[in-house]
Each structure stands twice: as structure tokens, then as C-alpha cells.
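# Reading the structure
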Amino acid sequence: MSGHLFALVDVNNFYVSCERVFDPGLEGRPVVVLSNNDGCVVARSAEAKALGIRTGAPWFKLAPLAEQQGLVARSSNYELYGDMSARAMEVIGRFGAWQEIYSIDESFLGLPDGDATAAVEAARTVREAVRRHVGLPVCVGVASSKTLAKFANHVAKNNPGFGGVCSLGSMPAEQLRRLQERLPATEVWGVGRRSGEKLEGLGISTVADLRDADPAWIRRKFSVVLQRTVLELNGTPCIPPIDERADAHQIMFSRSFSQPVGSAAEMREVMAVYAQSAASRLASRGLRASVVTAFAGTSRFAAGPASNPTVSVPLAAPTDDPIEIVRAAVNALGGRVAPDAAYARAGVVLSGLTPAGAPLQQELDLFSALAADHDSPAGAACPDEAPQLSEVLGRVKSRFGQTSIGLGRGGLSEPAAWSMRRQFSSPKFTTEWKDLPLVRG
Amino acid sequence: MESSDHAAGTVRPKAATGFASPAGDYYDGGIDLNRHLIPDRTSTFVMRVTGDSMAASGISDGDEIIVERARTPRPGNVVVAVVGGELVVRRLRHDGEGGALETDPLPPGEPALERIAGGFVVWGVVTRSLHRL
């Protein structure tokens, strides 16, 4: 036996499916989920797809027809999706020799390479378990490489006859050939539109064409990345696991504003909030950061001056301390915020990540740390045995809720004017006590 | 001398924390309700009840209930079910045709079993009611 098979488990229409778990009345209706600030469509139910609604369609164009079409819109409810994702990923992980979470709604899973029937059986078990535990529908593709597992998943998702599970190993060769001849090469994982056009020009238009291309020639004409894709399509696994890839080396928190941010003072508030969110992601991954980067940008479409400052601040030592990170982010942009510019977006990036290891030894002084930035009248030092501030913040948040405590603007429960517009948001069903789903007794 | 380690060895020099408690050796954390009420965090959900039709089963208006999705529903269980697109809490009964949902107490004049046109789907099994006294 050659070791493992690759399964790709993918939640169908993830955002919409999360909404439906707690609002079963949405089942069978066309539903879309909108991007930040309710701008455009980011997720569609099958019924919404059938109405011809495209991903990226601006909501203001759909809204006038929504009532007539019975179309339901929801704002992105990241708290709900994040919690449901964590639940689904944990369930999926229970069935594999290894698990690699690829995105909020996709996970690779290592299945034992037994006979083909066993692989289909395992995939069905995963599908049933996620449905039963979390209430989410998933499709599973199983094959001998990640790229092929993605392909199998695509087949399972688009051909209802497969019952949500497709294992290439148990598929007759003739059927596989027909499927690969029908699907364009651009549907292959990792083949972008530009490569697709170039491939087309060289006579490679379907998945089957790409599979049969000479890997060495592909490397010369394109890149080692596309060569790997060809090898993977032939069943040779060669795509490295996710934590070895470059994008695992930074944490970013960025958003677009519902209203432009103009003043330096407002921008400091934004940075305080975003840096705290980035810092809590950092802590939850057990990492410390060496560099804090703050950036802001005006909209390309706005009148007025363009301004896109990005400033990186190295930290004295790698840290996961939210105070240090917030202070660095708040001060980073400093004089770079143009007084007459209308900023449309901003973000904080933490990089130079290292594992946190042992807890920090330095004693933190809550009041003097804040006094340095905010002229706080309380200059008194904490007792030596005071727990670390970051730990206290974390504990208070988990006990009293996300908005109960924070640094600077991040501590206010009333959202600031620039915070995201989420007009059609469902409640935070699984993360906020006041938002629990209602059930009729 | 049996407790000399305790008296001297573990006191940190700059901390004025008082005497180490002799109970410290026996303390390994308080009661963690999550551990007892949420056997599997992937499949356990908390919901809030509106209405009193299950009051005799100890589930009143405003109570929070703990719902296990992964548990197999059996006749006699209190369940959350989807009826006409809505979540309701009811007792599950067998009535010879697969199943039926029952309120508890039965509202005056209502049939004992709530027969659902188009059927119903069990969402999860209710394991606890958190009733405020």
C-alpha cells in the first residue's frame, strides 16, 4: 500500500448553509450572503444560482427584484461562520490520519489507502457525521493527489447522482476519461484564467489535455507550479502541506469602512480595534510577532487625494502582548495620514511569526502602559503578582463577551461610525448568549 | 519536616501572597459545567425557548435548553424539530406511522398528538433545561 489517499471535504454553499441551520425556513428558497458592508454577493444557494445571480453581483442591483423573486439576503455573519467552521473542521478531522484545513469551508483529509470501496465508505461516513453533528451539507472527493481530490470534489458537487461523494479509484476508467474531457482546464485547482488562456493557445483546453501534457515541457513554458499540477493530475502527489507555504507566515486583519475615515484620531481608533483582532488571532495560534504593519487606503473611485500609506514597525522582541501590538499599530501611520483624504479601508498585518513557547516573563504594568499613550491619571503600578494584561483581557472577553473590554476604541460596545454595515445580519446564534436561536415551546 | 517543601521551596521571592493553602494539593480546578453539560462541543447547541407548552416537562418560557444534534432521537425524548420551517420543542412519540410530536401539557381542546402535515425533521435531542428560579 502506498500510504494515503487524499480526501477534500468541502461544505456546500457554506455561508448560506450556516444560515439555514438556524433558520430552516430558508431551506428551498433562493438565499444570498453579502460581502462586507452589504456590497455584493459572496455566496449563493442553489436556488439563487438557478435565478442566474452571479457571485460579485452588487446588492443594489438585486434589491429591487428581491421581493418579487422571493430572494433573501443576509449580511456576512463572521462570528457564526467562524464557529460553525470550527465545529465542522473538528468533526472532519476525527476521521483522518491527518488533516489540513485549507479554508473556512474546505479541508484535506488523509484516508487509508485500502480498497476503493473502503474509501467511498469512509467518505460517506465523514459526510454523514458533519451533517449529523453540525447540520452542514458537505461533498467529498477522494483521489491519489490533492489536485485530483479537488477534481473529484467538483464532480461530486455538480453531479447529484454521486450522492455527494466521488472517489476516483472506484470510477470506471472510461467514465473518468469522459468527465476529464468535458471539463475545461481552468477548472483544475491552481490553473488561473491567464494560464488557461495561454494553455488554450497551445491546444490544451480540457482537464484531459492538461493531464496528458508533457510535464517537462509545461515547466519550460509555464512554471514548476503548473508542472506539479500536471504530475498531480496523473496521481503523483507533490503539493506541499499548507503550513509550509508562505501565506502561513503572516496574520492580517483588514476591512473596508462603511463610511470614509478622514481624521488621524479616527484612524487611531480603527488601528486600535484591528490590531486587537489581529493580536487575538496571533495568541490563538500560539505565536508571537516581530513586525507590525499598518496600512490604509483611499478608494480608487473616490474624488479627493489618493493616499495609501503602509508603515512597518519592528518590535523590540517577538511578542504576543496586545498592548505592544496595539501601540505599534496606532502610532505606525502617525503623520502619514493625510488630513484631507477619505480612507476607505485599513488593516494590520503581523509578520515575523515565531512560536510563543514559554509564557512571557516580563511583568506588565497596566496603568503605566496605558498612561504612556493616553495621559491616564492612574499612574500607580499594579501589584507584582498581577496576571498579564493580555490574559485578563482574554478572560474578561470570554466571560462577558467580545465588546465587554478592550484597549482604546476596541472596548466600546457601541460600534463606531466607520464599523461595518451589516443590515441583514442574522444573530450570532452560537457565540453570543443574548443571540441564542429561539425555539417555540 | 514533612511539609518543608511546601513552606519554603515554592514561595516566589518577591511575592507577598500569604501562606500557601494546605488545600492547594487537593485543588485541581472548579466544576467545569462545559465538561458535564457539553459532551461534544461540535454537536451541542444552546437555544432559548419561547412559550409554555412544554412547561410540565420542565421547559418554560425564557429557559435555555441544551440540544445534542448527534444523539439518536428515541420515542419519549424531548426534541427540537423543524416544523414548517420553524424550530419547535416537543416530545417525540411513536404513533404507528413513524412518529409524532406532542406538547406537554396539552393545551385545552387540542388533540394529544400534533400531527404535522408534510412531516417534521428532528433537529436535535434536548438533554437539559436551564430554568431560572
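The residue count restarts for each chain, going from 1 along the sequence in the order it is written. Key to labels: chains lettered from A, ligands numbered from 1, both in the order written. Thresholds applied to this predicted model are a pLDDT of at least 70 for local features of residues and 80 or more for the giving and counting of side-chain atom pairs; totals over whole chains, interfaces and linings are not thresholded and use all residues. Side-chain numbers come from the whole structure's heavy atoms, not from hydrogens or water.

## With respect to the overall build of chain A
As a reminder, the rule being used: Where helices and strands are cited, they refer to DSSP runs of H or I of at least four residues and of E of at least two residues respectively, numbered from the N terminus. The cut-offs for exposure are 20% and 50% of the maximum accessible area for each residue type, with area from a 1.4 Å probe on protein chains only; residues under the lower value are buried, those over the upper are exposed, and the others partly exposed. It only takes one pair of heavy atoms within 4.5 Å for two residues to be counted as in contact.
A tally of helices and strands in chain A yields 15 helices and 14 strands. Relative to its 441 residues, chain A shows a buried fraction of 44%. Considering only intrachain contacts with a sequence separation of at least 6, the fraction spanning at least 24 residues in chain A is 66%.

## Brief notes about the environment of Q423 of chain A
Residue and element names in this part refer to chain A. Mapped onto the secondary structure, Q423 falls in the loop between α15 (389-400) and β14 (438-440). By relative accessible area, Q423 is classed as exposed at 58%. Remark: the alpha-carbon pair of Q423 and N37, spanning 386 residues in sequence, is separated by 8.2 Å. The residues touching Q423, leaving out its near neighbours within four places in the chain, are D38 and S75.

## Observations concerning the sheet that holds strand β7 (residues 138-143) of chain A
Residue and element names in this part refer to chain A. The condition is simple: In this scheme, strands are said to pair when DSSP sees at least two bridges between them. Fitting a line to C-alpha atoms yields each axis, with helices limited to the stretch in contact; the angle taken between N-to-C directions then spans 0 to 180 degrees.
Strand order in the open sheet made by the 5 strands is β5-β6-β1-β7-β8, with mixed pairing throughout. Bordering the open sheet on either side are β5 (99-103) and β8 (165-167), each of which pairs with just one other strand. Across this sheet, the average inter-strand angle for adjacent strands is 20°, counted without regard to direction.

## Some thoughts on the sheet that holds strand β3 (residues 41-44) of chain A
The strands making up a sheet are joined through hydrogen bonds of the backbone, oriented either antiparallel or parallel. Residues and elements named next belong to chain A. A sheet is described by the order of its strands in space; here 3 strands give the open sequence β3-β2-β4, paired in mixed fashion. Because the sheet does not close on itself, it has two edges, and the strands there are β3 and β4 (72-75). Sheet twist, expressed as the mean angle between neighbouring strand axes with direction ignored, is 30°. By the bridge criterion, 3 bridges tie strand β2 (residues 31-34) to β3 in an arrangement that is antiparallel. Bridge pairing in β3 links V33 to A43.

## A closer look at the pattern of salt bridges
We count it as follows: Here, a salt bridge means any side-chain nitrogen of Lys or Arg that lies within 4 Å of a carboxyl oxygen of Asp or Glu.
Inspection of every chain in the model, using the stated rule, returns 21 salt bridges over all chains. Linking K428 of chain A and E79 of chain A is a salt bridge whose minimum nitrogen-to-oxygen distance equals 3.8 Å. With K428 of chain A in the loop between α15 and β14 and E79 of chain A in helix α4 (residues 78-93), this residue pair connects regions lying 349 residues apart in the sequence. Note on K428 of chain A: relative accessible area 23%, which makes it partly exposed. We classify E79 of chain A as partly exposed; its relative accessible area is 29%. Notably, a salt bridge pairs E86 of chain B with R440 of chain A, separated by 3.0 Å at the nearest N-O pair. Linking E86 of chain B in strand β4 (residues 86-93) with R440 of chain A in strand β14, this pair reaches from one chain into another. Assessed through its relative accessible area of 34%, E86 of chain B is described here as partly exposed.

## Observations regarding the interface of chain A and chain B
The condition that has to hold: Accessible area that two parts lose when put together, with a 1.4 Å probe and added across both, is what the buried area reports. Polarity classes work like this: nonpolar for Ala, Val, Leu, Ile, Met, Phe, Trp, Tyr, Cys and Pro, charged for Asp, Glu, Lys and Arg, and polar for all others, with Gly in that last group.
On the side of chain B, 35 residues touch chain A, which itself brings 26 residues to the contact. Carbon and sulfur atoms supply 51% of the area buried between chain A and chain B, which totals about 2,700 Å² over both sides. Seen at the junction of chain A and chain B, the total is 3 salt bridges. When residues of the side of chain A that touches chain B are traced back to their parent elements, those giving at least two are α1 (14-22), α4, α5 (116-134) and β14 of chain A. Counted by class, the side of chain A that touches chain B contains 11 nonpolar, 5 polar and 10 charged residues.

## Examining the packing of aromatic side chains
All names here are of chain A. Cut-off, in case you're wondering: Stacked, edge-to-face and tilted labels apply to pairs of Phe, Tyr and Trp rings (six-membered ring for Trp) whose centres lie within 6.5 Å, assigned for plane angles under 30 degrees, over 60, and everything in between, in that order.
In total, this model carries 13 aromatic pairs over all chains according to the counting rule given. Measuring from ring centre to ring centre gives 5.7 Å for W59 and F424, while their planes differ by 70°; the resulting arrangement is edge-to-face. Within this pair, whereas W59 is found in helix α3 (residues 59-69), its partner F424 is found in the loop between α15 and β14, the two being separated by 365 residues in sequence. Relative accessible area serves as the criterion here: at 24%, F424 is assigned to the partly exposed category. Between Y102 and W189, the ring centres sit 5.4 Å apart and the planes meet at 80°, which makes this aromatic pair edge-to-face. With a gap of 87 residues between them, Y102 in strand β5 and W189 in the loop between α7 (173-182) and α8 (193-201) connect regions that are remote in the sequence.

## A few points about helix α13 (residues 322-332) of chain A
Since one α-helical turn is 3.6 residues long, residues separated by three or four positions face the same way. All names here are of chain A. Rule in force here: For the purposes of these results, a polar contact is taken to be a pair of N or O atoms within 3.5 Å, where, inside protein, one atom must be able to donate a hydrogen and its partner to accept one; residues adjacent in sequence count only when each atom of the pair is a side-chain atom.
Buried residues dominate α13, accounting for 8 of its 11 residues. Inspection of α13 places P322, I323, I325, V326, A328, A329, V330 and A332 among the buried residues, and these make up the whole buried set. Capping the start of α13, D321 holds a side-chain oxygen 2.9 Å from the backbone nitrogen of I323, two or three residues further along. Directly after α13, the chain includes G334, whose backbone phi takes a positive value near 35°.

## Re the side chain of N12 of chain A
Structurally, N12 of chain A is set in the loop between β1 (4-11) and α1. In contact with N12 of chain A, other than residues within four places in its own chain, are S17, P137, V138, C139 and K157 of chain A.

## Examining the nonpolar core
Stated formally: Think of a nonpolar core as a cluster: buried Ala, Val, Leu, Ile, Met, Phe, Trp, Tyr and Cys residues, connected wherever their side-chain atoms sit within 4.5 Å.
Formed by 52 residues in total, the largest nonpolar core has its most connected members in M84 and L136 of chain A together with I65, V80, V89 and W123 of chain B. Apart from residues lying up to four places away in sequence, V80 of chain B is in contact with V439 of chain A together with M47, I65, V67, L87, V88, V89, V121, V122, W123, G124 and V126 of chain B. Of all hydrophobic cores here, the second largest spans 35 residues; its members include A278, L287, L333 and L353 of chain A.

## So, the environment of A208 of chain A
Residue and element names in this part refer to chain A. Inspection of the secondary structure puts A208 in helix α9 (residues 207-212). Given a relative accessible area of 4%, A208 falls into the buried group. Residues A208 and L183 lie 25 residues apart in sequence; the distance between their C-alpha atoms is 8.1 Å. For A208, the contacting residues outside a window of four places in its chain are Q180 and E181.

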